[in-house]
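# Structure at a glance
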Amino acid sequence: MRLFLALTSVTLRGILRDRMLRAILGTVLLLILLVPVFSMFSMRQVQELAITITLSAISFFLLVMSLLLGSSSVWRDIERRYTSSILTLPVSRRAYILGKFSGIAIFIVCCGLFLFLVSVPVIMFAASSYPSDVPVHWLNIALAIGADILKYLLVAALALLFSTISTSFFLPFFATIAVYLAGSASQEVFEYVSGQFGTELQPASVAVIKGVYYILPNFSAFNLKVPAIYGLSHSPGGLALTTLYGVIYVVILLVLAIKIFSRRQLP
Amino acid sequence: MKSESIHSIEISSLSKTYKGRKGKAVEALSELSLTIQNGEICGFLGPNGAGKSTTIKILMGLITATSGTATLCGLPVTDPGARKRVGYLPENPSLFDYLTAREYLALCGRAFAMDGESILRESQRVLELLDLREAADRPVRGYSKGMVQRLGLARTLLHDPDVFILDEPMSGLDPVGRALVKDILKDLKSRGKTVFFSTHITADVEVVCDRVAVIVGGRLRSVDVVDELLESGIEGYDIQVKNCAPALYAGLTSSPKASDITEIYVPRDRFNEFLAHLGKNGGDIHLIEPKRKDLEAFFLDILGKG
Ligand SMILES: Nc1ncnc2c1ncn2[C@@H]1O[C@H](COP(=O)(O)OP(=O)(O)OP(=O)(O)O)[C@@H](O)[C@H]1O
Ligand SMILES: [Mg+2]
């Protein structure tokens, strides 16, 4: 356990001491602080717009972070031969991957929480200047950010898995983006082929599309922005299911990453 | 804990073939077998590309052998636990460049299950030993090559392991550093530690090693006890004699050293005969110096035979 914490903290320190990542965080922070200004452009729905922009900014930031951190993780340690200085300690490859992921995960979770805390006064300010009919649903906003965090943990795990195969930044980065885009659209495609349109297609292609749908992570399941903006209610069962889905998917990706990394030859 | 029958390092018929691009395979090691006894210092000598680093990386679990097995302290090298009592120095170490030396050592200490207090104490000890105290709180990014090498060495000493596996420990070090490493190795030997280190430099082997294993082209060529090797390499003696009749050394190379001292080179097979003559006919021995092939010559011989 101490070893796991030590590995996590090494990963975290690497992230926190990276200037580029700090610059990105600073940019997003500035963007969120400017939200009240942007929201003025909407004459009537200032509060709704403020929530939308804030959530989108947080979501985009977490996406960029999870992509960058996941895609630049394992292969880069191999290339820089950090692996030869850490895996020659009594450290298993499993512990290394788990430490790596947990460092990235803690960073993403902390960023999400931090940005949520920053967005509270910002949204309050925007909402107070032009009060809306609907009160702000803080719980829903928190849930939307929480679901986003889970979604981007999944993205990070995916990028980490690709980075255990790769020898450069490109494969994990673009493969993760591809899976992310496909996985965000898969729900719609699935519903499309399941309905009227499906009957016009060959049954084989419908089966393939459905198969891909079940394999790809379903990212749209984690999108809780609409209820957050308009204060609609959630079903606790649905939330629990989404969480379970995300967690199980992350676990599967990490198990695969460990399997692959364990067989990798290191310089 | 360690029973006598368990060897520190045991390598048996290890082979490694790298899969190159376009199906070109490189056979880096073939059927290498070598046992390192507890408490000995064994040099691993070989030209560039001989397979020294390949062997060592297999021992440290970084790469897997194509066939054959290896154990560290009785445990298979595929088990991370085998590395608990081992200090390893990679060839051209590359350490987390955003960590400071102290932070890096703390990470290593945790991996070796040391407690917080001994991590602090031992870090300080090894940093002082390797003369890194001033740089200890700066990120490794700003270290020179030799400083990184020193930190790599510091790491191997941190948890006072029983077995040391060092890939070119002297590389990148200044003369003071080299001397320091030799002293450290001698100290390790006096404390009964086992050391297996690769090198190109035969002189280092001569000074510190009990045995030397020579590897060429992925095959083990020879394993010898260094002292025996040096003794067997004596080719003759330079003898300085006083007041000696010139007839005695007719036919031998000689050169006058001082007014009454002459230096004579006597081949090994005529040494006893010469001493006998000298005893009979009178004359004083001023100095005897054995002339031996050094390890370098042996090494070049072995390479030449290939
Ligand atoms: N990752 C790799 N892929 C392909 N071939 C490799 C790889 N690593 C090493 N080799 C080859 O294996 C052989 C042995 O290499 P190794 O690094 O073990 O040599 P070495 O004895 O340590 O040499 P040096 O004294 O230069 O450090 C060389 O022919 C090298 O080209
Ligand atoms: Mg080498």
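Every value quoted in this text rests on a predicted model; they were computed, and no experiment measured them. (Residues numbered from 1 in each chain as written. Chains lettered and ligands numbered in written order. Predicted model: local features only at pLDDT ≥ 70, side-chain atom pairs only at ≥ 80, totals over all residues. Heavy atoms only, no water.)

### Description of the overall build of chain B
Of the regular secondary structure elements, chain B holds 9 helices and 14 strands. Taking the principal axes of its C-alpha atoms as reference, chain B extends roughly 75 × 50 × 40 Å. The proportion of buried residues among the 306 residues of chain B is 49%. Contacts in chain B between residues far apart in sequence, at least 24 positions, make up 69% of those at least 6 positions apart. Accessible surface computed for chain B: about 14,300 Å², of which carbon and sulfur atoms make up 50%. (Helix = DSSP H or I, 4+ residues; strand = E, 2+ residues; numbered from the N terminus. Buried < 20%, exposed > 50% of the residue type's maximum accessible area, 1.4 Å probe, protein only. Contact = heavy atoms within 4.5 Å. Areas by Shrake-Rupley, 256 points an atom, 1.4 Å probe, with all protein chains shown as cover.)

### Quick notes on the nonpolar core
In terms of nonpolar packing, the biggest core is built from 164 residues, with Leu151(B), Ile165(B) and Leu185(B) touching the most fellow members. Broken down by element, the residue count for this core peaks at 17 residues, all from helix α7 (residues 93–129) of chain A. Those residues in contact with Leu185(B) that lie beyond four places of it in its chain are Ile41(B), Leu166(B), Met170(B), Val195(B), Phe197(B) and Val208(B). Membership of the second largest hydrophobic core comes to 13 residues, among which are Ile239(B), Tyr249(B), Phe274(B) and Leu278(B). (Core = buried A, V, L, I, M, F, W, Y, C linked by side-chain atoms within 4.5 Å.)

### Topic: helix α8 (residues 271–281) of chain B
Residues and elements named next belong to chain B. For α8, the full list of buried residues reads Phe-271, Phe-274 and Leu-278. Down the axis of α8, the buried side of the element spans an arc of 65°, and every buried residue falls inside it. Residues of α8 that are exposed and point over 90 degrees away from its buried face: Asn-272, Gly-279 and Lys-280. Contact partners of the buried residues in α8: β11 (234–242), β13 (261–267) and β14 (284–292). Just downstream of α8 lies Gly-282, where phi reads positive at about 85°. (Arc of directions from axis to C-beta.)

### So, the domain arrangement of chain B
In terms of domain boundaries, chain B breaks down into domain 1 (9–230) and domain 2 (235–293). For domain 1 of chain B versus domain 2 of chain B, the separation of C-alpha centres amounts to 46 Å. (Domains from an automatic or database assignment.)

### Description of a nonpolar patch on the surface
A cluster of nonpolar side chains, namely Leu241(A), Leu244(A), Ile248(A), Ile252(A) and Leu256(A), defines an oily patch on the protein surface of about 480 Å² accessible area. Leu256(A) sits in the partly exposed class, given a relative accessible area of 42%. (Patch = residues over 30% accessible without salt bridge, like charges linked within 9 Å, V, L, I, M, F, W, Y side chains within 5 Å. Salt bridge = Lys/Arg side-chain N within 4 Å of Asp/Glu carboxyl O.)

### Focus on the packing of aromatic side chains
Inspection of the entire model under this criterion finds 15 aromatic pairs over all chains. Chaining the aromatic ring pairs together yields one cluster made of Phe169(A), Phe170(A), Phe173(A) and Phe174(A). Above the ring of Phe261(A), the side-chain terminus of Arg93(A) is found at 5.5 Å from the ring centroid. In this structure, Lys293(B) packs its charged tip against the face of Phe298(B), placed 4.8 Å from the ring centre. (Phe/Tyr/Trp six-rings, centres within 6.5 Å; stacked < 30°, edge-to-face > 60°. Lys NZ or Arg CZ within 6 Å of the ring centre and 35° of its normal.)

### Concerning the coordination of the magnesium ion (ligand 2)
Residues and elements named next belong to chain B. The coordination sphere of the magnesium ion (ligand 2) contains the protein donors Ser-53 (OG) and Glu-91 (OE), at a distance range of 1.9 to 2.3 Å. Placement of the pair is Ser-53 in helix α1 (residues 52–59) and Glu-91 in the loop between β6 (86–89) and α2 (101–111), with a sequence separation of 38 residues. The class for Glu-91 is partly exposed, based on a relative accessible area of 27%. (Donors = N, O, S within 2.8 Å, 3.2 Å for Na, K, Ca; no water.)

### Overview of the packing of helix α4 (residues 46–71) of chain A against α7(A)
Residue and element names in this part refer to chain A. It is the contact of α4 with α7, at a shortest axis distance of 10 Å, that shows an interaxial angle of 165°. For the element pair α4 / α7, the angle class is roughly antiparallel. The two elements α4 and α7 cross, and the hand of that crossing is right-handed. Contacts between α4 and α7 involve Val-46, Gln-47, Ala-50, Ile-51, Thr-54, Ile-58, Phe-61, Leu-62, Met-65, Ser-66, Leu-69 and Gly-70 from the former and Ile-104, Phe-107, Ile-108, Cys-111, Gly-112, Leu-115, Phe-116, Ser-119, Ile-123, Ala-126 and Ala-127 from the latter. Here the residues of the contact of α4 with α7 sort into 17 nonpolar, 6 polar and no charged. (Axes fitted to C-alpha atoms, helices over the stretch in contact; angles between N-to-C directions. Parallel < 35°, antiparallel > 145°, perpendicular 65-115°, else oblique. Left-handed = near helix turned anticlockwise from the far one by under 90°. Nonpolar A, V, L, I, M, F, W, Y, C, P; charged D, E, K, R; others polar.)

### Some words on the pairing of strand β1 (residues 9–19) of chain B
Residue and element names in this part refer to chain B. Pairing of β1 with strand β4 (residues 67–72), which is carried by 5 bridges, proceeds in the antiparallel orientation. Within β4, the position partnered with Ile-11 by the bridge is Ala-70. With 8 bridges joining them, β1 and strand β2 (residues 25–36) adopt antiparallel strand pairing. In the strand pairing of β2, Tyr-18 is matched with Val-26. Between β1 and β2, which pair antiparallel and follow one another directly, the connecting turn spans 5 residues, one of which, Lys-22, has a positive phi of 55°. (Pairing = 2+ DSSP bridges.)

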